[in-house]
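A structural walkthrough
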Amino acid sequence: MNKGIVLRNLKQVNGEAIDIHIDDGMITDIIPASKDQGAKEYFNETGLYVSSGWIDLHVHAVSEFDPYGDDMDEIGVKQGVTTIVDAGSCGADRIGTLFTDSAQAMTKVFAFLNISHIGLQRIDELSRLEWIDHDKVIKAVQRYPEFIVGLKARISQSVVKENRIIPLKLARQLSSETKLPLMVHIGSAPPDIREVLALLVRKDIVTHYLNGKPNHVFDQHGKPLPELLAAIERGVHLDVGHGNASFSFQTAEKAKAAGIGLNTISTDIYRRNRLHGPVYSMSNLLSKFLCLGYSLDEVIEAVTSQAAAWLNKPELGGIVVGQKANLTFFALRSGRLALLDSEGEERIADHYIEAKGVFTNGALITC
Ligand code: ZN
Ligand code: ZN
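Residues numbered from 1 in each chain as written. Chains lettered and ligands numbered in written order. Predicted model: local features only at pLDDT ≥ 70, side-chain atom pairs only at ≥ 80, totals over all residues. Heavy atoms only, no water.

1. Comments concerning the overall build of the chain
In terms of regular secondary structure, the chain is built from 13 helices and 14 strands. On C-alpha atoms alone, the chain measures out to a radius of gyration of 20 Å, which is about the 21 Å that the 2.2 N^0.38 rule sets for 367 residues. Its C-alpha atoms put the chain at 65 × 45 × 35 Å along the principal axes. Per-residue burial for the chain yields a buried fraction of 57% across its 367 residues. Counted over contacts in the chain with a minimum sequence separation of 6, partners at least 24 positions apart contribute 73%. Averaged over its 38 positive side-chain charges, the chain has a centre that lies 2 Å from the centre of its 45 negative ones. (Helix = DSSP H or I, 4+ residues; strand = E, 2+ residues; numbered from the N terminus. Rg over C-alpha atoms; globule rule 2.2 N^0.38 Å. Buried < 20%, exposed > 50% of the residue type's maximum accessible area, 1.4 Å probe, protein only. Contact = heavy atoms within 4.5 Å. Lys, Arg positive; Asp, Glu negative; His and termini not counted. Charge placed at Lys NZ, Arg CZ, Asp CG, Glu CD.)

Below, the structure is given as structure tokens:
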């Protein structure tokens, strides 16, 4: 535990400069900045921003899994992300191991339970209906009630094969029985995206909604499908889930032009797309949204308060006296940076975000 440290002259995204006093890992005071040098003793530079700890709602955190896996802290605290949510790497067979491993990480970890008990041990995990084992799902949810925040179903052709929409219908039943929302991965048809959207209810998440595949949520004229607008109206949540194949600048531009606001920005990060792109890091992804013309405020909200609200954990989404310090420090740099989407398209940013560190679990960790 760091005793009695003061982080001086940090900017909030609203422009306010503050000093944050932390004692035994708790925020004991927040005061207007003392015009001191800033927290130079910790970061070797001044002028940094602070927000509540970033939350990544879609990652793959099982280190042994190839291709969809990585180390928790590599995709967490070392990237400025204090909370990650594993998006269905594990089904009932392996969720216990993920839970146990998460206790060793500096990053806070939650999970979506894959409705297929084999999880991502195969990448066609919903191609056989016997892998959706009702009793195994119910038992896992009962056993890890705090850890499991939702159910994951990957509803695209390569995963469901001939089962088409049936796995989503089974997921819907499991969702009402467990009272847990669904995170639904969308991609190539069948099933048709309109059939998928029609089955989603308030609090469910569509991840990969900005993908550039033919079966996406915009029509050929770039207008949002009526089924998408109806889903948003019902309270369905939109999540980016960039990944290797699921983020297109062109689709994101359509969404922005149609006035579809940001809910959560998540990476769908795993080792390969972290090391070789196109994801690289949460900072890189957030910079893509700045480049698209969203404000710093909107972008940071999408990885802090918006994600915390979805998780029903408002304490993770603010900087509040009397609460545990859960903070991310970052710089807003000027300069050209080439940004790459999943379709191989490039945009050149003239400013970008760089994560500098976090304060979590009573410790300051620099990136
Ligand atoms: Zn996916
Ligand atoms: Zn994923």
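2. Observations regarding the coordination of the zinc ion (ligand 2)
Protein-derived coordination of the zinc ion (ligand 2) comes from His58 (NE2), His60 (NE2) and Asp268 (OD), at a distance range of 2.0 to 2.3 Å. Sequence positions of the donors to the zinc ion (ligand 2) reduce to the motif H-x1-H-x207-D. Separating the zinc ion (ligand 2) from the zinc ion (ligand 1) is a gap of 3.7 Å. Residue His58 is classed as buried on the basis of its relative accessible area of 1%. (Donors = N, O, S within 2.8 Å, 3.2 Å for Na, K, Ca; no water.)

3. What about the domain arrangement of the chain?
For the chain, the assigned domains are domain 1 (5–51 + 324–331 + 351–366) and domain 2 (53–314). Summarising the inter-unit geometry, the C-alpha centres of domain 1 and domain 2 are found 30 Å apart. In this assembly, 17 residues from domain 1 lie in contact with 17 residues from domain 2. At the boundary of domain 1 with domain 2, total buried surface from both sides reaches about 1400 Å², with 68% on carbon and sulfur atoms. The interface formed by domain 1 and domain 2 includes zero salt bridges. Taken together, the elements giving at least two residues each to the side of domain 1 that touches domain 2 come down to β4 (49–52), β12 (327–340), β13 (346–360) and β14 (363–366). A breakdown of the residues in the side of domain 1 that touches domain 2 according to their chemical character gives 10 nonpolar, six polar and one charged. (Domains from an automatic or database assignment. Buried area = accessible area lost by both parts, 1.4 Å probe. Salt bridge = Lys/Arg side-chain N within 4 Å of Asp/Glu carboxyl O. Nonpolar A, V, L, I, M, F, W, Y, C, P; charged D, E, K, R; others polar.)

4. Comments concerning the nonpolar core
Grouped together as the largest cluster of nonpolar side chains are 84 residues, with contacts concentrated most on Trp54, Ile95, Ile265 and Phe289. Of the residues forming this core, the biggest block, five residues, is contributed by helix α11 (residues 282–291). Residue assignment places this core across two domains, with domain 1 (5–51 + 324–331 + 351–366) and domain 2 (53–314) each supplying three or more. Here Ile95 is in contact with Cys90, Ala111, Leu113, Ala140, Tyr144, Phe147 and Ile148, once residues within four sequence places are set aside. Core analysis: the next-biggest nonpolar cluster, separate from the first, contains 17 residues, Ile22, Ile27, Phe43 and Leu48 among them. (Core = buried A, V, L, I, M, F, W, Y, C linked by side-chain atoms within 4.5 Å.)

5. Remarks on empty space enclosed by the protein
One pass over the structure, following the stated rule, counts one cavity of 30 Å³ or more. Counted as a void, the largest cavity has a volume near 30 Å³. Contributing to the lining of the largest cavity are 10 residues, with Ala39, Glu45, Thr46, Gly47 and Leu48 lying nearest its centre. Per element, the largest residue contribution to the lining of the largest cavity is three residues, and it comes from strand β1 (residues 5–11). (1 Å grid on protein atoms, 1.4 Å probe; cavity = no way out; pocket = protein on both sides within 12 Å on 5 of 7 lines; lining within 4 Å. Points joined across faces, edges and corners; volume = space filled by probe spheres on them.)

6. Concerning the coordination of the zinc ion (ligand 1)
The zinc ion (ligand 1) binds to the protein through His185 (ND1) and His208 (NE2), with metal-donor distances spanning 2.0 to 2.1 Å. A relative accessible area of 2% places His208 in the buried class.

7. Some details on the sheet that holds strand β9 (residues 182–186)
Strand order in this open sheet of seven strands is β5-β6-β7-β8-β9-β10-β11, and the pairing throughout is parallel. Because the sheet does not close on itself, it has two edges, and the strands there are β5 (54–59) and β11 (237–239). When the angles between neighbouring strand axes are averaged without regard to direction, this sheet yields 25°. With three bridges joining them, β9 and strand β10 (residues 205–207) adopt parallel strand pairing. Each residue of the ladder has a partner; that of Met183, found in β10, is Ile205. Along the sheet face, helix α4 (residues 134–143) touches β7 (108–114) and β8 (148–155) and points at about 150° away from the line of β8. (Pairing = 2+ DSSP bridges. Axes fitted to C-alpha atoms, helices over the stretch in contact; angles between N-to-C directions.)

8. Thoughts on the layout of surface pockets
Taken as a whole, the largest pocket holds about 570 Å³ of empty space. For the largest pocket, the lining is made up of 26 residues, of which Lys108, Leu316, Lys324, Thr360 and Asn361 are closest to its centre. Looking at the lining of the largest pocket, the elements that each hand over two or more residues are β6 (81–87), α3 (95–102) and β7. No other element matches the three residues that β7 contributes to the lining of the largest pocket. Of the residues belonging to the lining of the largest pocket, the class tally is 10 nonpolar, 10 polar and six charged. Counting only domains with at least three residues in the lining of the largest pocket, you end up with domain 1 (5–51 + 324–331 + 351–366) and domain 2 (53–314). Put simply, the second largest pocket is a space of about 350 Å³. For the second largest pocket, the lining is made up of 24 residues, of which Tyr68, Arg154, His185, Lys213 and Ala245 are closest to its centre. If you list the elements that add at least two residues to the lining of the second largest pocket, you get β8, α5 (157–160) and β9. Counting residues per element, the lining of the second largest pocket draws most heavily on α5, at three residues.

9. Here we look at the pairing of β6
Within β6, seven of the seven residues are buried, which leaves it mostly tucked inside the rest of the structure. As paired strands, β5 and β6 are joined by four bridges and run parallel to one another. What sits directly across from Ile55, in β6, is Thr83. Pairing between β6 and β7: five bridges, direction parallel. Each residue of the ladder has a partner; that of Asp86, found in β7, is Ala111. Considered for its hand, the β-α-β crossover made up of β6, α3 and β7 is right-handed. (Right-handed = clockwise from strand over helix to strand, strands pointing away.)

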